[in-house]
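# Structure assessment
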Amino acid sequence: IMASLPSIGRAFARRIPRALNPGLLSRFQRQNSTVFGQILEGKIPATIVHEDEKCIAFKDVQPQAPVHILVIPRKHIKGISDAEEEDRDVLGHLLLTAKEVAKSQNLEKGYRLVINDGNDGAQSVYHLHVHVLGGRQMTWPPG
């Protein structure tokens, strides 16, 4: 049941009795409690530039560069430090999707990928996401 929940659909997921698997619903609800979970559910609008079975990519509402896209997994992973061995395929998929998004945004001169993790890493939304930044010369160190 756990693996099939994302494909079941929101309507069915809301009908699963809590007694069936309390951990299943609480995990699903935690995902939806972040702004990214709400975007995944369609509760908050976003300008989506890529969508597939494992992830979506959308424009950041507070861009830090002329092109600023966020690539997020459909599966809720709090941060990169919370990723497990079972997430290997999703993690690789996020990076390859970031490359495709950069190409679709005409970032042939280059771009930066950023994953912030935890409080000291300046993670502001606790749903793993990859920033694709481009359209200007990046500086180093980043901050």
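A quick note: this is a predicted structure, and the numbers were derived from the prediction, not measured.

Moving on to helix H5 (residues 88-104). Counted at 1.5 Å a residue, the expected span for H5 with its 17 residues is 24 Å, and the 25 Å between its end C-alpha atoms agrees. Those residues of H5 lying buried are Val 90, His 93, Leu 94, Thr 97, Ala 98, Val 101 and Ala 102. Contact partners of the buried residues in H5: strand S1 (48-51), strand S2 (55-59), strand S3 (67-73), strand S4 (111-114) and strand S5 (130-134). Asn 106 occupies a position one or two residues after H5 and carries a positive phi of about 60 degrees.

By the definition in use, this model includes five salt bridges. Taking the shortest distance from any N to any O, the salt bridge between Glu 85 and Arg 88 comes out at 2.8 Å. Take Glu 85: its relative accessible area is 56%, and that puts it in the exposed class. In this structure Arg 88 comes out as exposed when scored by relative accessible area, which is 53%.

A separate point is the confidence of the model for the chain. Note that predicted coordinates carrying low pLDDT should not be read in detail. Looking at the chain, pLDDT values average 84 and 77% of them are 70 or higher. Here residues 1-30 is modelled with pLDDT under 50, and outside its nearest four sequence neighbours on either side it reaches 23 contacts, counting other chains as well.

The rules behind these values
- Residues numbered from 1 in each chain as written.
- Predicted model: local features only at pLDDT ≥ 70, side-chain atom pairs only at ≥ 80, totals over all residues.
- Heavy atoms only, no water.
- Helix = DSSP H or I, 4+ residues; strand = E, 2+ residues; numbered from the N terminus.
- Expected span 1.5 Å × (residues − 1).
- Buried < 20%, exposed > 50% of the residue type's maximum accessible area, 1.4 Å probe, protein only.
- Contact = heavy atoms within 4.5 Å.
- Salt bridge = Lys/Arg side-chain N within 4 Å of Asp/Glu carboxyl O.
- pLDDT = per-residue confidence, 0-100.

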